[in-house]
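The lines below spell out each chain.
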Amino acid sequence: MLWLALRFPLLPLDALAPPPDAPSTPRAAASQGRVVAANGAARQLGVAPGMGLASAWGLAPELKVTERDGAAETRALAGLACWGGNFTPQVSLDPPAGLLLEIGGCLRLFGGLPALLQQAVDGALAQGYSLAAACAPTPLAARWLANGAPWLEPAADGPRPAATPLLAENGGPLPVCADPARLGAALAPLSLDCLELPRQQRQRLENFGVACLGDLLALPRAGLNRRLGLQLAADLARALGEVPDPRPRFPFPDTFRQGLELPARVDDAPALNFAARRLLQQLQGWLASRGAGVGRCTLELQHEKYAGSTRRGLPPTRLVLGFAGLTRDGERLQRVLSERLGRLALAAPVDALTLIADQVEELPGSDRQLPGQAPPEEEGTDPARTAVALERIKARLGEDKVYSLAAVPDHRPEQATRRCAPNLDLHGIMARTQDPGHSQAMAGQGPRPLWLLAHPQALGETQGRPRHGGPLQLLAGPERIESGWWDEGESADGLPAPGDLRRDYFVARNPAGEWLWVFRDESGWFLHGRFA
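Since the model is a prediction, treat every value here as computed from it, not as a measurement.

Caption draft 1: Spatial organisation of the overall build of the protein chain. Across its full length, the protein chain holds 17 helices and 22 strands. Of all 532 residues assigned to the protein chain, the portion counted as buried reaches 43%. Intrachain contacts of the protein chain at a sequence separation of at least 6 include 64% that bridge at least 24 residues. Approximately 27,700 Å² of the protein chain is accessible, and the part contributed by carbon and sulfur atoms is 52%.

Caption draft 2: Expanded view of the packing of helix α13 (residues 273-290) against helix α14 (residues 330-342). Two numbers describe how α13 lies on α14: the axes approach to 10 Å, and their chain directions differ by 145°. The element α13 and its partner α14 pack so that their crossing is right-handed. Across the interface between the two elements, N273, A276, R277, L280, L283 and Q284 from α13 touch G330, L333, Q334, L337, S338 and L341 from α14. Here the residues of the contact of α13 with α14 sort into six nonpolar, five polar and one charged.

Caption draft 3: Region of interest: the nonpolar core. Ranked by internal contacts, the top residues of the largest apolar core, which has 70 residues, are L4, L6, F8, I103, L283, L299 and L353. Setting aside its immediate chain neighbours within four residues, L353 contacts Q258, G259, L260, L272, A275, A276, L279, L299, E300 and L301.

Caption draft 4: Focus on the environment of F323. If you trace the backbone, F323 turns up in strand β10 (residues 317-327). With 71 residues separating them in the primary sequence, F323 and K394 have C-alpha atoms 8.3 Å apart.

Caption draft 5: A look at unusual backbone geometry. Geometrically, the link from P95 to P96 is a cis peptide bond, its omega value of 5° lying close to zero. Within the secondary structure, P96 sits in the loop between β5 (91-93) and β6 (98-102). With a phi close to 55°, Q32 is a non-glycine residue in the positive phi region. Along the chain, Q32 turns up in the loop between β2 (27-31) and β3 (34-38). Non-glycine residue E196 carries a positive phi angle of around 55°. Within the secondary structure, E196 sits in the loop between α8 (183-187) and α9 (199-207). Given the relative accessible area of 42%, E196 is considered partly exposed.

Caption draft 6: Molecular detail of the pairing of β2. Of all five residues making up β2, four are buried, and the element is well covered by its neighbours. Of the pairings in the sheet, the one linking β2 to strand β4 (residues 64-67) comprises four bridges and is parallel in character. Residue pairing in the sheet places A30 in a bridge with E67 of β4. Across four bridges, the pairing between β2 and β3 is antiparallel. Looking at the pairing, A30 lines up with V35 of β3. Counting the residues in the hairpin turn of β2 and β3 gives two residues, including Q32, whose phi is positive at 55°.

Caption draft 7: Summary view of the sheet that holds strand β7 (residues 132-136). Spatial ordering of the open sheet is given by β5-β6-β1-β7, a layout of four strands whose pairing is antiparallel. Of all strands in the sheet, those with a lone pairing partner are β5 and β7, marking the two edges. With direction set aside, neighbouring strand axes in the sheet form an average angle of 20°. Judged from the three bridges that link them, β5 and β6 form a sheet pairing that is antiparallel. By the bridge assignment, S92 is partnered in β6 with L100. Seen against the sheet, helix α7 (residues 139-148) touches β1 (3-7), β6 and β7 and runs at an angle of roughly 145° to β7.

Each value, and the rule that gives it
- Residues numbered from 1 in each chain as written.
- Predicted model: local features only at pLDDT ≥ 70, side-chain atom pairs only at ≥ 80, totals over all residues.
- Heavy atoms only, no water.
- Helix = DSSP H or I, 4+ residues; strand = E, 2+ residues; numbered from the N terminus.
- Buried < 20%, exposed > 50% of the residue type's maximum accessible area, 1.4 Å probe, protein only.
- Contact = heavy atoms within 4.5 Å.
- Areas by Shrake-Rupley, 256 points an atom, 1.4 Å probe, with all protein chains shown as cover.
- Axes fitted to C-alpha atoms, helices over the stretch in contact; angles between N-to-C directions.
- Left-handed = near helix turned anticlockwise from the far one by under 90°.
- Nonpolar A, V, L, I, M, F, W, Y, C, P; charged D, E, K, R; others polar.
- Core = buried A, V, L, I, M, F, W, Y, C linked by side-chain atoms within 4.5 Å.
- Pairing = 2+ DSSP bridges.

Structure (structure tokens):
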């Protein structure tokens, strides 16, 4: 087994989604008038945990202080656990500010440990979290190594370059020990701070001359049990893998509904992109843990409430994100959201976001190319590229402006199709149209135009002949279509149903060469469609 420990040392500060310029702005979280967490910009000015706010502002007058919110930290850690589903289904909470991921069985899916660590670190930094990480064969050893690892904080100029080394053996900041036989040597240099011992117990160890974990491991266990109790010796045994250390798995919720409070109100919709990215990455991990995809999700924008104002009862703005087929691709999720936010005018400032997965279904896996295997020859249109283009059009024009037509078993032209979600399964459509049963059902019908008018258009007559841009030449027909009494007075797709009818249809051509679909009933001649 191989465990990845992710520790979020600034979780009290990062639990509320920070603005994009947060890394360059001195920021701190406080509780009862004292600093509990400070970012890198604040620490460079001398602000440190435990310091009073008056002293902190004396060192950094521009310091922005946020009151610590324990409930927000709990929600943030649960959201991070959902995001951890991107890498492994075995995610465990490690309170108060950590996660443990068992990644030993998932390395091949990501191309090895360095690639997985790169994705995990970049994903956490992109959400605005500072972190320290480490890998070890046991969860407790991974946590201790992460406690001693340097912090990685979001950069003001974007994510870390992919070429930046992460593993300590390559000059990076993340300690990794994958060999159980070398675990003791990897833990030996750690200071006693990494063990998070009670103050009295640590003081006694220092009185014994213990300065690091290696000194502690050199002491006889029996003596430790007598002098310091059984718990410390049990922790050492669990860290070294001498006894099992089972960890309860994080219970991924059955439905996805995650909220996020903003540290300050936002007046411009595109500025919400940075905060919403955190929710989208959590959704992506939740979907991966279920082997599912989302066809539609909703982002609710909670508006700031003003006492004594007409805005007090303003309902949240619901932004529906629709996709051309099921997906859990983070880039597609972010692309559609950016398109929608870029065209949204906020009715009032926003102080919280909620993301809801509305349409979730199982997402079948796809075949992957084996190492050294030549890529298969592409045939036809790439469905993924078509889906991306369709999603962009829907985001710009609106969900109700882009749709497909589905065939309905009804002999009347107005009722033969229904609007439905865009269908990219072109091969399936061709297979159905070439099905013998489908061909037999269509055998008794005459030609049908691609363009059917929403309402038949009345035509003039000359000596009983219809006119449209001149006298029409009837080329084929008549084809009698009648009956339909069962839906008299009803409507479909916002249009009234035709009800009972009796029509004789013809294929006609006008002097300009247009091919038309016309019919005659007791009221006269009508144009109903145009052939391509």
